[in-house]
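Geometric and topological summary
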Amino acid sequence: MIDISPAAIIEIKRLRSNRQTTGSSLILTVKSGGCAGLFYDLKFEQSAILISNDPDLSLKDGDRLLTISGINLKVDAKSWRYIENLRLDYSEDLMGGGFRFHNPRIISICGCGISFAELK
C-alpha cells in the first residue's frame, strides 16, 4: 500500500492543473543514481496509457495502476518492491517546497536525504 498525505494530494492536483494535464497519471519509479544508489522519480503521463497501442505507454506485466484520492498512480513492476509501504508527503521550508518520500523499510540514505541504498 502507498499512502499519499493530504498536502501531497493538494500539490499533485495543483501541478496537474497548472500543467493542463488533467486526466493524466502520476508515474512513480525508482531509478539508479544519487549518492546512495537509488532515488524516487515522479512525472505525469497522459492517461491514454491504458488504451494506447504504443508499447512504451501501455501497462506491462506486473505494473500497477492505483487510484488514491482521485489520483491515478502508476508504478512499474521493478519499482514496486521499493515503493510498497511508502508515504508520499509534500512540505515547504526555507529552501522551497518539495515532495518527501518516507519509507520505513529503507536501511540507509545519503547525507542530503535524496537517495537511498537498500531496504530491510
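Residues numbered from 1 in each chain as written. Predicted model: local features only at pLDDT ≥ 70, side-chain atom pairs only at ≥ 80, totals over all residues. Heavy atoms only, no water.

Things to note about the nonpolar core
Condition: Here, nonpolar core refers to any group of buried Ala, Val, Leu, Ile, Met, Phe, Trp, Tyr and Cys residues whose side-chain atoms link them within 4.5 Å. Categorising residues by exposure relies on relative accessible area from a 1.4 Å probe, with only protein chains included: less than 20% of the type maximum marks a residue as buried, more than 50% marks it as exposed, and the intermediate range marks it as partly exposed. Helical segments are the DSSP runs of H or I of at least four residues, strand segments are the runs of E of at least two, and each set is numbered from the N terminus. In what follows, a contact means two residues having at least one pair of non-hydrogen atoms within 4.5 Å.
With 25 residues, the main nonpolar core has I2, I4, Y40, I83 and F116 as its most contacted residues. Taken together, the elements giving at least two residues each to this core come down to α1 (6-18), β2 (25-33), β3 (37-45), β5 (71-75), α2 (77-83) and β6 (87-93). When residues in this core are grouped by element, the largest group, 4 residues, is from α1. Excluding anything up to four places from it in sequence, Y40 contacts L28, T29, V30, Y82, I83, L86, F101, N103, I106 and F116.

Details of the environment of W80
Mapping W80 onto the fold places it in helix α2. Relative accessible area serves as the criterion here: at 9%, W80 is assigned to the buried category. Distance in space between the C-alpha atoms of W80 and M1 is 10.0 Å, their sequence separation being 79 residues. W80 has contacts with M1, I2, R64, L66 and V75, leaving out every residue within four places of it along the chain.

Details of the packing of aromatic side chains
Pairs of aromatic rings are described using the distance from one ring centre to the other and the angle between the two planes. We count it as follows: Any two rings among Phe, Tyr and Trp, with Trp reduced to its six-membered ring, count as a pair given centres within 6.5 Å; such a pair is stacked if its planes are under 30 degrees apart, edge-to-face if over 60, and tilted if neither.
Taken as a whole and assessed by the stated rule, the structure comprises 4 aromatic pairs. Ring centres 6.0 Å apart and planes at 55° place the aromatic pair Y82 and F116 in the tilted group. Separated by 34 residues along the polypeptide, Y82 in helix α2 and F116 in strand β8 (residues 115-116) bring together distant segments of the chain. For the pair Y82 and F116, a shared accessibility class is recorded, and that class is buried. By way of ring pairs, the aromatic residues Y40, Y82, F101 and F116 are connected into one cluster.

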